[in-house]
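# Structural overview for review
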Amino acid sequence: MIERLFGSKLRARLLGWLMTHPQERYFVRQLTAILHEDSTNVSRELARLASMGLLTCRQEGRQKYYQANRRCSVFEEMRGLAVKTIGLGDVLRAALEPIAGRIRVAFLFGSFAKRQDTADSDVDLLAVGEVGSAEMAKALRPARAKLSREINVTVYPPREFSAKAKAGHHFITQVLKGDRIYLVGSDDALKRLAG
Amino acid sequence: MPLKDLLAEGRLRSHKTSIQEVADLLRVVDRDLADAGILRLSADRRFATAYNAALQLATIALHATGYRCAGAAHHWATFHVLSEIMGTQAQARADYLESCRTKRNMTDYDRAGAISNQEVDEILAEARAFRNDLLRWLTRHHPVLLSKENR
């Protein structure tokens, strides 16, 4: 949604990151590494956003540092948009942090992972680990309130996930074929679990 | 949102329940708890059935307090006021059942197979514990609503 709103996927990703990390300042190469984007394009988009007043740009030595502009009149609104869409992953990662040690892998799938979310989209989250769904609900309560979105969580113990993945369980197969945004763990961890 | 605000919005209305209504709803609960234990059913169906048992238990608490839901989002409203009705110790249960509400919507309307066996075991255990807690709560706060068979 936000990508369409801002007219550029990269612009939306930059805003998403910078607006959800407003206390940090970054130079181009840092953002290039974080977002895995081309440095020339990142540099160009940052300059545009700074010229609009959404970011501050400060030259220090040979580096230009960019940061979300808290004095911008629409800062809070922009930040809210970023948290609810592009910044969603960060909010959920922070919520899962206290129980992340017992989660092998957790990721978003469905419309958010496909970048086809709308303002009404639920957040689909799958976790594999030694955690219960009541525990997940408790951990995610602040995120649910912050994001004002329904969060559909599916929790599998590792053994059940592996067995169902190997048996070709249709839901798991579909999820494994689709796009994912990792909150805990990585593709490697998921592949090991899926066998 | 407090209960009084839901009343003002028309999401809740005054309601006078009876021994018969509570007994009828408890029979729905017991049927669903038994059915959710049938291992031959899909995990999705067992989950949705156990969820309905929990929803009816929360509904009994709401009715006993003198209210019923009106209009849309009545599952949400029923769980939303649970801790205000039964005490703050019920907040974790309300949060959990609220998360189950979205899962049940997903499994009933959008997607088959997204419920794990562990999730079924968990909601069934929670619904059984809720039944025991609710009967204790009714005995303490609304004993006149309990029929002989439920005392």
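Check the entry above for the structure.
Let us look at the structure shown here. (Residues numbered from 1 in each chain as written. Chains lettered and ligands numbered in written order. Predicted model: local features only at pLDDT ≥ 70, side-chain atom pairs only at ≥ 80, totals over all residues.)

### A few points about the overall build of chain B
When helices and strands are tallied, chain B shows seven helices and two strands. Reading the secondary structure of chain B in the N-to-C direction produces α-β-α-α-β-α-α-α-α. For 151 residues, the compact-globule estimate of 2.2 N^0.38 gives 15 Å, and the C-alpha radius of gyration of chain B, at 15 Å, lies within 12% of that figure. C-alpha atoms of chain B, sized along the principal axes, occupy 40 × 35 × 25 Å. (Helix = DSSP H or I, 4+ residues; strand = E, 2+ residues; numbered from the N terminus. Rg over C-alpha atoms; globule rule 2.2 N^0.38 Å.)

### Quick look at the environment of Arg 149 of chain A
Along the chain, Arg 149 of chain A turns up in the loop between α7 (133-147) and β5 (151-156). Distance in space between the C-alpha atoms of Arg 149 of chain A and Met 136 of chain A is 16 Å, their sequence separation being 13 residues.

### Examining the interface of chain A and chain B
Contacts between chain A and chain B engage 19 residues on the former and 17 residues on the latter. At the level of secondary structure, the elements contributing two or more residues to the side of chain A that touches chain B comprise α7, β5 and α9 (170-177) of chain A. (Contact = placed C-beta atoms within 7 Å.)

### With respect to the packing of helix α3 (residues 28-35) of chain A against helix α4 (residues 39-51) of chain A
Residue and element names in this part refer to chain A. Following both chains from N to C, one finds α3 and α4 inclined at 115 degrees, their axes separated by 9 Å at the closest point. Viewed along their axes, α3 and α4 form a crossing whose handedness is right-handed. Along its contact with α3, which presents Val 28, Arg 29, Leu 31 and Thr 32, the element α4 presents Ser 39, Val 42, Ser 43 and Leu 46. Residue classes in the contact of α3 with α4 are distributed as four nonpolar, three polar and one charged. (Axes fitted to C-alpha atoms, helices over the stretch in contact; angles between N-to-C directions. Left-handed = near helix turned anticlockwise from the far one by under 90°. Nonpolar A, V, L, I, M, F, W, Y, C, P; charged D, E, K, R; others polar.)

### Quick word on the environment of Ile 115 of chain B
Mapped onto the elements, Ile 115 of chain B comes out in the loop between α6 (91-110) and α7 (117-141). In this structure, Ile 115 of chain B is in contact with Ala 43, Asp 44, Phe 47, Lys 103, Thr 107 and Val 120 of chain B, ignoring residues within four places of it in sequence.

### Description of α4 of chain A
All names here are of chain A. When the terminal C-alpha atoms of α4 are compared, their 18 Å separation across 13 residues agrees well with the 18 Å that a helix rising 1.5 Å per residue should span. For α4, the complete set of buried residues consists of Val 42, Glu 45, Leu 46 and Leu 49. For α4, the angular spread of buried residues about the axis comes to 105 degrees, placing them on one side. Among the exposed residues of α4, those pointing more than 90 degrees away from its buried face are Thr 40 and Ser 51. Buried positions along α4 lie against α2 (9-20), α3, β1 (55-60) and β2 (63-68). Backbone geometry just after α4 places Gly 53 at a positive phi near 90 degrees. (Expected span 1.5 Å × (residues − 1). Buried ≥ 20, exposed ≤ 12 C-beta atoms within 10 Å, placed from the backbone. Arc of directions from axis to C-beta.)

### Overview of the nonpolar core
General note: in soluble globular proteins, nonpolar side chains tend to be found buried as a group. Ranked by internal contacts, the top residues of the largest apolar core, which has 99 residues, are Leu 15, Ala 106 and Ala 127 of chain A together with Ala 50 and Ala 54 of chain B. In terms of residues, this core owes the most to one element, helix α3 (residues 43-64) of chain B, which gives 14 residues. Apart from the residues lying within four places of it in its own chain, the contact partners of Ala 54 of chain B are Leu 97, Ile 123, Glu 126, Ala 127 and Phe 130 of chain B. (Core = buried A, V, L, I, M, F, W, Y, C linked by C-beta atoms within 7 Å.)

### Notes on the sheet that holds strand β4 (residues 123-129) of chain A
Residue and element names in this part refer to chain A. Judged by pairing direction, the sheet is mixed, and its four strands sit side by side in the order β5-β4-β3-β6 without closing on themselves. The sheet is open, and its two borders are formed by β5 and β6 (181-184), each paired with just one other strand. Averaged over all neighbouring strand pairs, the angle between strand axes comes to 20 degrees, with direction disregarded. The pairing of strand β3 (residues 103-109) with β4 spans six bridges and is classified as antiparallel. (Pairing = 2+ DSSP bridges.)

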